[in-house]
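# Geometric and topological summary
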Amino acid sequence: MSEETYMGVPRKKIPWSPIIDYEKCDLCDGDPQCLKFCPHQVYAVTGQPKKLEIENPNNCVVFCRSCRKACAPNALSFPEKKEVLALIKKLRGY
Ligand code: SF4
Ligand code: SF4
């Protein structure tokens, strides 16, 4: 279960989740390591042909980037932490 708020800001207002580079993602030859690694059901494989999707972006733990290490082709990236932090502060009214 994901947190509903982060630093007092509703999680759904915080744009933090993995970004998939489909030029690089090869689905790990049918055994997606990012999906296996993350315990928060952020990823799903859907469609025909099969494709990795970010199914539950708000389940991603804000500022976590751990699954990036699981991706050998380096197909995962994340938003700029500084920008997201600035947005959180703005939403909190700092
Ligand atoms: S960054 Fe962390 S929480 Fe988000 S999808 Fe990857 S492992 Fe899961
Ligand atoms: S670990 Fe990387 S290559 Fe494998 S499914 Fe995830 S994004 Fe694609």
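Up top is the structure.
Residues numbered from 1 in each chain as written. Chains lettered and ligands numbered in written order. Predicted model: local features only at pLDDT ≥ 70, side-chain atom pairs only at ≥ 80, totals over all residues. Heavy atoms only, no water.

## Let's talk about helix 2 (residues 81–92)
Every α-helix winds through 3.6 residues per turn, so residues three or four apart in the chain are directed the same way. Between its terminal C-alpha atoms helix 2 stretches 16 Å, which fits the 16 Å expected from 12 residues at 1.5 Å a residue. In the segment just after helix 2, Gly93 is the residue with positive phi, at about 80 degrees. (Helix = DSSP H or I, 4+ residues; strand = E, 2+ residues; numbered from the N terminus. Expected span 1.5 Å × (residues − 1).)

## A few points about the pattern of salt bridges
Counted by the stated rule, this structure contains one salt bridge. Between Asp31 and Lys36 there is a salt bridge whose closest N-O contact spans 3.2 Å. On the basis of relative accessibility, which here comes to 33%, the residue Asp31 falls in the partly exposed class. What makes Lys36 exposed here is its relative accessible area of 56%. (Salt bridge = Lys/Arg side-chain N within 4 Å of Asp/Glu carboxyl O. Buried < 20%, exposed > 50% of the residue type's maximum accessible area, 1.4 Å probe, protein only.)

## Thoughts on the site of ligand 1
Every residue lining ligand 1 is accounted for by Pro18, Phe37, Cys38, His40, Val42, Tyr43, Cys60, Val61, Cys64, Arg65, Cys67 and Phe78. Residues belonging to the shell around ligand 1 are distributed by class as follows: 10 nonpolar, one polar and one charged. (Near = heavy atom within 4 Å. Nonpolar A, V, L, I, M, F, W, Y, C, P; charged D, E, K, R; others polar.)

## A closer look at the site of ligand 2
Around ligand 2, the surrounding shell consists of Cys25, Asp26, Leu27, Cys28, Pro32, Cys34, Leu52, Cys71, Pro73 and Leu76. Split into classes, the residues belonging to the shell around ligand 2 amount to nine nonpolar, no polar and one charged.

## Some points on the side chain of Ser17
Here Ser17 lies in the loop between strand 2 (9–10) and strand 3 (19–20). Discounting residues that sit within four places of it in the chain, Ser17 has contacts with Ile54, Pro57, Cys60, Ser77, Phe78 and Pro79. (Contact = heavy atoms within 4.5 Å.)

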